[in-house]
4 protein chains.
Amino acid sequence: MNIGIVGASGYTGETLVALLADHPHADLVAVASRSQAGKPLGVGIPRLRGSSIADLPFVSAEIETLARIEVDTWFLALPHGVATTFAQALLQAGKTVIDLSADFRLSSPETYQTHYGNPHPAPALLETTPYVLPELTPTDAWSQAKLIACPGCYPTSILLPLIPLLRANLVDPDSIIINSYSGVSGAGKKAVETFLYCERNESMKAYGVTNHRHLSEIEEQLSAAAGKPIQVQFTPHLAPMNQGILSTIVVAAPHTAGEAIHSCWESTYTNAPCVALLPPGSQPDPAHVSKTNRADMAVVKDNRTGNLILTCAIDNLVKGAGGQAIQIFNQLQGWPQHTGLPL
Amino acid sequence: MNIGIVGASGYTGETLVALLADHPHADLVAVASRSQAGKPLGVGIPRLRGSSIADLPFVSAEIETLARIEVDTWFLALPHGVATTFAQALLQAGKTVIDLSADFRLSSPETYQTHYGNPHPAPALLETTPYVLPELTPTDAWSQAKLIACPGCYPTSILLPLIPLLRANLVDPDSIIINSYSGVSGAGKKAVETFLYCERNESMKAYGVTNHRHLSEIEEQLSAAAGKPIQVQFTPHLAPMNQGILSTIVVAAPHTAGEAIHSCWESTYTNAPCVALLPPGSQPDPAHVSKTNRADMAVVKDNRTGNLILTCAIDNLVKGAGGQAIQIFNQLQGWPQHTGLPL
Amino acid sequence: MNIGIVGASGYTGETLVALLADHPHADLVAVASRSQAGKPLGVGIPRLRGSSIADLPFVSAEIETLARIEVDTWFLALPHGVATTFAQALLQAGKTVIDLSADFRLSSPETYQTHYGNPHPAPALLETTPYVLPELTPTDAWSQAKLIACPGCYPTSILLPLIPLLRANLVDPDSIIINSYSGVSGAGKKAVETFLYCERNESMKAYGVTNHRHLSEIEEQLSAAAGKPIQVQFTPHLAPMNQGILSTIVVAAPHTAGEAIHSCWESTYTNAPCVALLPPGSQPDPAHVSKTNRADMAVVKDNRTGNLILTCAIDNLVKGAGGQAIQIFNQLQGWPQHTGLPL
Amino acid sequence: MNIGIVGASGYTGETLVALLADHPHADLVAVASRSQAGKPLGVGIPRLRGSSIADLPFVSAEIETLARIEVDTWFLALPHGVATTFAQALLQAGKTVIDLSADFRLSSPETYQTHYGNPHPAPALLETTPYVLPELTPTDAWSQAKLIACPGCYPTSILLPLIPLLRANLVDPDSIIINSYSGVSGAGKKAVETFLYCERNESMKAYGVTNHRHLSEIEEQLSAAAGKPIQVQFTPHLAPMNQGILSTIVVAAPHTAGEAIHSCWESTYTNAPCVALLPPGSQPDPAHVSKTNRADMAVVKDNRTGNLILTCAIDNLVKGAGGQAIQIFNQLQGWPQHTGLPL
């Protein structure tokens with residue numbers, strides 16, 4: 001089984017390369033990058049110096065070249081907009097494509113245009129591409145798909161705790177307040193003043209207040225789970241750490257005990273190796289899931305206010321990006337979900 | 001004007017000493033510490049090595065000794081419970097006392113016992129001690145006080161944005177959801193595994209969920225402002241930074257425009273040199289108020305949800321503790337609030 | 001092949017557990033801890049929540065109990081002094097012991113007493129226990145050993161670059177100046193004020209100047225390589241990071257070109273998967289070797305001064321402790337050195 | 001006394017503005033910036049929001065405009081090369097200029113060309129401009145100067161401990177090995193991938209090995225102190241912190257006791273309020289001098305090796321840049337050196 005990656009210069013791409021290099025059932029035979037073509041992987045990505053693929057040279061990210069490489073499944077770690085072009089061409093060449101960008105996450109071209117400001121470049125493809133959260137999207141909806149959209153990092157940390165509760169009608173869908181905290185790698189490896197060490201160190205800042213692009217993805221998925229259109233208040237923050245996301249969600253559930261929430265989660269995630277439900281008294285921490293594909297989740301019921309406080313921690317680059325893409329790939333192949341993934 | 005400090009081994013005490021050493025109208029003549037008595041200040045607190053008071057020796061923290069020192073006003077930076085004993089003795093010796101502990105922040109012995117688990121050691125004193133948030137507590141209520149309770153760090157960052165809006169009836173008092181993020185110095189200088197460098201670095205964690213001790217102080221003050229008992233959802237988090245607090249507050253205000261909020265704040269804080277209202281599009285950041293006595297505040301109205309997102313950043317050790325105590329002291333003396341305080 | 005670990009509450013122990021849990025040829029069947037006995041590993045060590053051994057309970061660290069467990073090789077991650085007692089008992093029970101403490105690193109009881117202040121508790125055992133730096137200690141000297149001393153973290157980062165050059169007589173052995181920078185995990189998980197987040201963040205500090213305990217180990221090994229007693233200037237520093245060590249070594253080599261150094265390293269490390277020699281122009285960085293068992297090394301010749309600047313980066317908990325212990329274990333079993341080790 | 005600043009968008013410029021805004025004897029009347037002209041200072045530099053000059057607008061950095069402003073002394077916080085043009089024009093307009101760039105730090109155009117790769121744009125001016133380390137450059141050499149070159153940050157931390165010892169002939173001038181560690185703000189506020197948060201966090205890296213530009217400045221000053229040309233080994237490193245430099249210097253002094261070094265420092269720095277000599281057993285730490293104009297210094301004599309280990313910590317942006325420039329300015333005016341400077 002030959003696999004390839006397009007786009008390896010960002011943090012997500014690096015993570016994908018590092019994880020796929022060690023996958024027991026798949027051979028990483030091609031890593032394409034515009035800026036690094038020709039260089040060995042171990043030179044372009046210093047942390048891979050000692051790995052088994054350190055000497056593999058980056059290939060050029062030209063579509064025709066890529067289409068001819070003997071690769072069964074391509075992973076795309078490309079900027080929004082760019083991914084669509086590659087996805088179309090590789091599909092036409094008969095390949096399977098797992099896309100980590102935001103290009104195919106929404107279900108309708110209209111919603112896409114509202115949030116991204118321009119028409120979707122391939123509206124028909126958008127409508128047929130499944131969005132797959134591996135623990136929650138029914139497998140029959142995507143087991144034959146040739147193109148799959150992976151969830152964003154914030155949405156992963158929000159949908160995992162909330163979707164089962166909305167499906168089971170255990171919480172008030174109109175009362176959801178989400179605050180999320182992301183490590184700086186979530187912004188990518190862009191040379192921008194805001195992301196300089198001295199700007200983010202000793203800092204904690206809300207951004208994208210009321211209009212972060214992930215909001216549309218979050219609301220679309222939560223609405224589907226609730227069976228009706230819902231709106232949430234989502235406030236993302238940049239925290240001074242490299243990796244990790246913590247989401248703290250407050251939702252009204254005056255008539256539901258904390259135990260009922262825990263039971264609902266347990267029955268949903270009983271066969272989910274990548275989700276851990278924390279015992280009462282423990283709180284999830286990105287430090288505990290760092291470099292793993294695990295989501296740690298906890299719930300506290302406040303009997304005074306009637307609210308639930310749900311918390312979920314993931315590594316934004318692994319369970320929130322590269323690791324989850326591999327988890328999807330594993331399921332497509334019929335392998336255990338966590339094959340080759342650190343937990 | 002002679003002043004003194006009891007308790008200087010923690011981060012709050014250090015901050016108080018550093019700020020008062022430079023105060024233009026007051027002489028810091030005594031700093032008392034149980035563990036450091038006899039040592040010069042510049043040895044016990046290395047960052048004061050070069051200051052004007054580096055050679056002043058710590059005095060012993062024995063109550064009778066302190067009561068005899070020629071000091072007009074004592075600042076207490078002591079652990080909860082310990083402060084009361086010192087406050088009582090120094091009041092009896094005719095001194096003015098500004099207390100930074102939580103001992104006198106609540107108004108009733110009953111509430112104190114509920115949250116602290118034991119009866120208050122001086123219930124009569126508790127009931128007569130004013131709680132002073134310098135920008136918001138009317139001066140006539142405390143200008144003659146001999147003992148004053150300073151607000152906690154989280155409450156300062158929460159009450160400054162919310163109290164004016166509740167007083168003006170601009171927001172729904174029953175819908176307040178608060179998430180706060182504190183630097184690790186908020187936990188004090190305790191040698192506890194949880195606060196080791198390697199435990200907090202690359203970490204972000206909720207704690208005290210539903211029952212942090214500051215909750216009682218926050219609700220008491222907000223209820224007073226709203227004119228009726230209210231409950232809030234308060235979730236504090238530890239963030240990987242030394243100093244600073246950011247609070248992100250969501251509150252329903254479907255019928256109030258963001259501009260109305262801004263106007264209300266402007267009229268409240270027009271003569272408040274320690275509060276800065278940020279222009280639209282800017283978000284407060286603890287990095288911007290580090291080592292200052294300033295609170296930076298912003299509001300965003302989400303027209304879609306009808307909610308306001310209020311954010312407020314302070315330095316937990318300055319505006320949230322030592323600096324605010326000096327601001328109160330300045331007002332007691334009739335000096336400009338920010339005398340000797342970096343802004 | 002059954003293996004066990006004694007001492008898992010520190011950072012080294014945690015790292016060992018995490019790595020051995022995934023070892024392809026060995027079964028981790030017992031993890032002993034005084035403080036956590038009875039608890040599942042996934043509760044005592046939150047980052048192991050999702051691992052295959054999350055439900056394995058810690059066993060009690062009583063020597064007689066451990067001696068009866070069906071384990072072939074025990075890894076000791078215990079404080080100095082404590083390790084000897086366990087090593088003696090487990091050897092008597094016929095087990096193989098790989099000791100990560102400093103108890104058996106020196107070759108003579110006299111040197112031990114000079115640096116540790118007390119007589120060695122088992123001088124005869126000390127003299128016969130091999131000190132094994134897997135890339136450099138000839139295998140025949142230790143392939144039959146039942147007790148092995150693993151190198152310290154600082155020494156690993158210093159001996160790997162220097163020993164080959166001293167053996168080949170390429171540098172002046174009397175001119176070695178070493179500055180090393182360690183992440184805070186090197187100090188262990190001790191609840192001590194010095195290692196609190198706020199004390200180490202934004203800090204950089206020399207410590208143990210002229211008399212760090214690793215000095216004796218470093219000088220003993222370098223002297224053996226040089227064939228004569230040598231002294232070095234070793235100044236360790238604490239750097240504000242969790243993991244990693246960088247050592248910067250200046251040594252006079254007026255008559256040796258940088259290329260000769262590189263060649264010497266290349267011939268020494270040609271079959272060493274855990275050592276990477278960086279190309280000219282690159283400098284090693286603990287960030288690049290984080291969570292791997294790799295040592296990255298570089299050399300720059302200063303033609304102006306005649307000095308070499310050697311730099312070496314490792315992860316102090318992996319190549320400097322737990323990973324290197326497993327590398328030794330792999331070699332003892334005749335498996336490839338890096339079996340089960342991330343590179 | 002009116003003063004002005006040209007170049008306020010970098011970290012050094014911001015620090016200068018913040019310090020000069022509070023200077024008791026000088027009025028900051030003009031801050032020039034190419035990119036921010038017209039904006040209020042409090043908008044361009046968020047941490048100045050609450051300061052007395054928050055509403056002062058940036059002026060445009062056009063030379064003719066600046067020459068006409070009623071300013072007695074201009075501080076230049078400009079990139080290398082750019083500073084010369086401004087210095088020439090402002091001198092011609094009769095102003096005093098304190099230059100924080102590297103343009104006038106070396107004494108000869110030849111040395112400049114060797115290290116900067118191009119001819120100096122104003123060689124005659126270079127030769128007559130004094131380089132002023134306020135504690136060590138005799139005042140009569142520069143008290144009438146109209147243009148002054150301020151030392152670099154690394155050199156400040158190296159020259160303060162070494163120059164007195166070389167002048168007194170107490171150490172071997174041919175044996176100096178310097179390792180320095182700088183916070184990331186030393187690299188300026190350039191949007192470059194290397195200085196992104198995720199690249200520097202958990203990292204520690206040597207750079208500019210053998211050829212950092214500050215080397216020429218360091219050697220020129222040390223040679224003058226030694227009375228003969230000397231070479232040093234200087235290896236700078238980037239450490240994961242915002243501010244601060246620590247330099248660790250090893251120098252042979254087999255016949256000099258540590259006490260003699262301390263005495264030499266004491267007699268040199270007895271009237272130097274900005275230098276603190278640490279007692280035996282203490283080590284300097286950038287955390288202790290953060291945001292102050294103080295240099296902390298310590299010496300340890302290693303009787304075994306005959307070497308001294310000298311350590312010096314400063315804040316790179318204050319004592320290493322903006323603060324030191326003000327210290328020079330204060331001396332030029334005949335005010336106490338530390339007027340308006342936090343210690």
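Small disclaimer: the values here were computed from a predicted structure and weren't measured.

A few points about the overall build of chain A
Alright, step 1. Check the secondary structure of chain A and you find twelve helices and twelve strands.
Alright, step 2. Compactness check: chain A gives a C-alpha radius of gyration of 20 Å against a globular reference of 20 Å for 343 residues, within 12% of the reference.
Alright, step 3. Considered along the principal axes of its C-alpha atoms, chain A spans approximately 60 × 45 × 40 Å.
Alright, step 4. Across chain A, contacts joining residues at least 24 apart in sequence account for 70% of those joining residues at least 6 apart.
Alright, step 5. Summed over all atoms, the accessible surface of chain A reaches about 11,500 Å², with 50% contributed by carbon and sulfur.

Observations regarding the relation of the copies chain B and chain A
Alright, step 1. At an RMSD of 0.0 Å, chain B and chain A line up after a rotation of 180 degrees and a shift of 0.0 Å along the axis. The two molecules are tied by a two-fold rotation axis, judged by turn and shift. The position closest to the rotation axis in chain B is occupied by the C-alpha of B:Pro240, lying 3.2 Å away.
Alright, step 2. Interface overlap between copies: 100% of the residues of chain B at the interface are likewise at the interface in chain A, consistent with a symmetric, same-surface contact.

A few points about the domain arrangement of chain A
Residues and elements named next belong to chain A.
Alright, step 1. The assigned domain composition of chain A is domain 1 (2-151 + 320-333) and domain 2 (154-316).
Alright, step 2. The C-alpha-based centres of domain 1 and domain 2 are spaced at 25 Å.
Alright, step 3. Every contact between the two is made by 20 residues of domain 1 and, on the other side, 25 residues of domain 2.
Alright, step 4. It is Tyr-11, Glu-135 and Leu-136 in domain 1 that bury the most area against domain 2; as a group they hold 31% of the surface buried on that side.
Alright, step 5. At the junction of domain 1 and domain 2, the tally comes to two salt bridges.
Alright, step 6. Salt-bridge contacts for Glu-14 lead to Lys-189; the nearest nitrogen and oxygen are separated by 2.7 Å.
Alright, step 7. For the pair domain 1 and domain 2, the interface holds ten residue pairs in polar contact (both at pLDDT 80 or more).

Thoughts on the sheet that holds strand E10 (residues 275-277) of chain D
Residues and elements named next belong to chain D.
Alright, step 1. Taken together, the seven strands give an open sheet; going across it, the order is E7-E8-E6-E9-E12-E11-E10, and neighbouring strands pair in mixed fashion. Across the chains shown, the open sheet's two edge strands, defined by having one partner strand only, are strand E7 (205-206) and E10.
Alright, step 2. Direction of pairing for strand E11 (residues 295-302) relative to strand E12 (residues 307-314): antiparallel, over a ladder of seven bridges. Considered in E12, the bridge of Asp-302 is made with Asn-307.

Some words on unusual backbone geometry
Alright, step 1. For A:Thr210, which is not a glycine, the phi torsion comes out positive at approximately 75 degrees.
Alright, step 2. Topologically, A:Thr210 is positioned in the loop between strand E7 (205-206) and helix H9 (214-226).

Here's the deal with the packing of helix H7 (residues 153-167) of chain B against helix H10 (residues 258-269) of chain B
All names here are of chain B.
Alright, step 1. Viewed as axis vectors pointing N to C, H7 and H10 meet at an angle of 105 degrees, and their least axial separation amounts to 9 Å. With respect to each other, H7 and H10 are oriented roughly perpendicular. Between H7, through Leu-160, Pro-161, Pro-164 and Leu-165, and H10, the contact on the second element is made entirely by Ile-261, Cys-264, Trp-265, Thr-268 and Tyr-269.

A look at the interface of chain C and chain B
Accessible area lost upon the coming together of the parts is a frequently used measure of interface size.
Alright, step 1. Between chain C and chain B, the residue contacts involve 18 residues of the former and 18 residues of the latter.
Alright, step 2. Between chain C and chain B lies a buried interface of about 1,700 Å² when both sides are counted; carbon and sulfur atoms form 58% of it.
Alright, step 3. For chain C, the biggest contributors to the area lost against chain B are C:Leu196, C:Tyr197 and C:Cys198; these three give 40% of the whole.
Alright, step 4. Where chain C packs against chain B, one counts two salt bridges.
Alright, step 5. The salt bridge involving C:Glu193 is made with B:Lys189; its shortest N-O contact spans 3.9 Å.
Alright, step 6. Counting every contact that joins chain C to chain B gives eight residue pairs in polar contact (both at pLDDT 80 or more).
Alright, step 7. Ranked by residue count, the leading element in the side of chain C that touches chain B is helix H8 (residues 197-200) of chain C, at four residues.
Alright, step 8. Residue classes in the side of chain C that touches chain B are distributed as ten nonpolar, three polar and five charged.

Things to note about helix H10 (residues 258-269) of chain A
All names here are of chain A.
Alright, step 1. Over its twelve residues, H10 extends 16 Å from the first C-alpha to the last, a length consistent with the 16 Å expected when each residue adds 1.5 Å.
Alright, step 2. Those residues of H10 that sit buried are Gly-258, Ile-261, His-262, Cys-264, Trp-265 and Tyr-269. For H10, the angular spread of the buried residues around the axis is 160 degrees, confining them to a single face. Structural note: H10 exposes Glu-259 and Ser-267 on the side pointing more than 90 degrees away from its buried face.
Alright, step 3. As for H10, its buried residues are in contact with helix H7 (153-167), strand E10 (275-277), strand E11 (295-302) and strand E12 (307-314).

Digging into the packing of aromatic side chains
All names here are of chain A.
Alright, step 1. For the coordinates displayed, the defined rule picks out 20 aromatic pairs over all chains.
Alright, step 2. With a centroid separation of 4.6 Å and an interplanar angle of 10 degrees, the aromatic rings of Tyr-112 and Tyr-116 are classed as stacked. Pair noted here: Tyr-112 and Tyr-116 are both in helix H5 (residues 109-116), with a separation of four residues, about one helical turn.
Alright, step 3. Given the relative accessible area of 4%, Tyr-112 is considered buried.
Alright, step 4. Considering the side-chain rings of Tyr-154 and Phe-234, the 5.4 Å spacing of their centres and the 75 degrees angle between planes classify their relative orientation as edge-to-face. With Tyr-154 in helix H7 and Phe-234 in strand E8 (residues 233-238), this residue pair connects regions lying 80 residues apart in the sequence.
Alright, step 5. Taking relative accessible area as the criterion, Tyr-154 reaches 2% and is therefore assigned buried.
Alright, step 6. Look at Phe-234 and you get buried, because its relative accessible area is 2%.
Alright, step 7. By way of ring pairs, the aromatic residues Phe-75, Phe-329 and Trp-335 are connected into one cluster.

Let's talk about the relation of the copies chain C and chain B
Alright, step 1. With an RMSD of 0.0 Å, chain C superimposes on chain B once it is rotated by 180 degrees and translated 0.0 Å along the axis.
Alright, step 2. A share of 100% of the interface residues of chain C reappears at the interface of chain B, consistent with the copies meeting face to face through the same patch.

A word on the state of the cysteines
Alright, step 1. Within the structure shown, the criterion is met by zero disulfides over all chains.
Alright, step 2. Cysteine A:Cys198 shares no disulfide, and the gap to the nearest cysteine sulfur, in D:Cys153, comes to 12 Å.
Alright, step 3. Cysteine B:Cys150 is unpaired, with the sulfur of B:Cys153 as its nearest cysteine sulfur at 12 Å.

Focus: the interface of chain B and chain A
Alright, step 1. Contact residues are listed per partner, giving 39 residues for chain B and 39 residues for chain A.
Alright, step 2. In this assembly, chain B packs against chain A so that about 3,300 Å² is buried in total across both faces, 54% of it on carbon and sulfur atoms.
Alright, step 3. Counting the surface chain B buries against chain A, the share from its top three residues, B:Glu202, B:Met204 and B:Arg304, is 20%.
Alright, step 4. Inspection of the region where chain B meets chain A yields four salt bridges.
Alright, step 5. Notably, a salt bridge pairs B:Arg304 with A:Glu219, separated by 2.6 Å at the nearest N-O pair.
Alright, step 6. Counting the contacts that link chain B with chain A gives 23 residue pairs in polar contact (both at pLDDT 80 or more).

Cut-offs applied
- Residues numbered from 1 in each chain as written.
- Chains lettered and ligands numbered in written order.
- Predicted model: local features only at pLDDT ≥ 70, side-chain atom pairs only at ≥ 80, totals over all residues.
- Heavy atoms only, no water.
- Helix = DSSP H or I, 4+ residues; strand = E, 2+ residues; numbered from the N terminus.
- Rg over C-alpha atoms; globule rule 2.2 N^0.38 Å.
- Contact = heavy atoms within 4.5 Å.
- Areas by Shrake-Rupley, 256 points an atom, 1.4 Å probe, with all protein chains shown as cover.
- Least-squares fit on C-alpha atoms with pLDDT ≥ 70 in both.
- Domains from an automatic or database assignment.
- Buried area = accessible area lost by both parts, 1.4 Å probe.
- Salt bridge = Lys/Arg side-chain N within 4 Å of Asp/Glu carboxyl O.
- Polar contact = N/O pair within 3.5 Å; in protein donor to acceptor, adjacent residues only side chain to side chain.
- Pairing = 2+ DSSP bridges.
- Axes fitted to C-alpha atoms, helices over the stretch in contact; angles between N-to-C directions.
- Parallel < 35°, antiparallel > 145°, perpendicular 65-115°, else oblique.
- Nonpolar A, V, L, I, M, F, W, Y, C, P; charged D, E, K, R; others polar.
- Expected span 1.5 Å × (residues − 1).
- Buried < 20%, exposed > 50% of the residue type's maximum accessible area, 1.4 Å probe, protein only.
- Arc of directions from axis to C-beta.
- Phe/Tyr/Trp six-rings, centres within 6.5 Å; stacked < 30°, edge-to-face > 60°.
- Disulfide = S-S within 2.5 Å.

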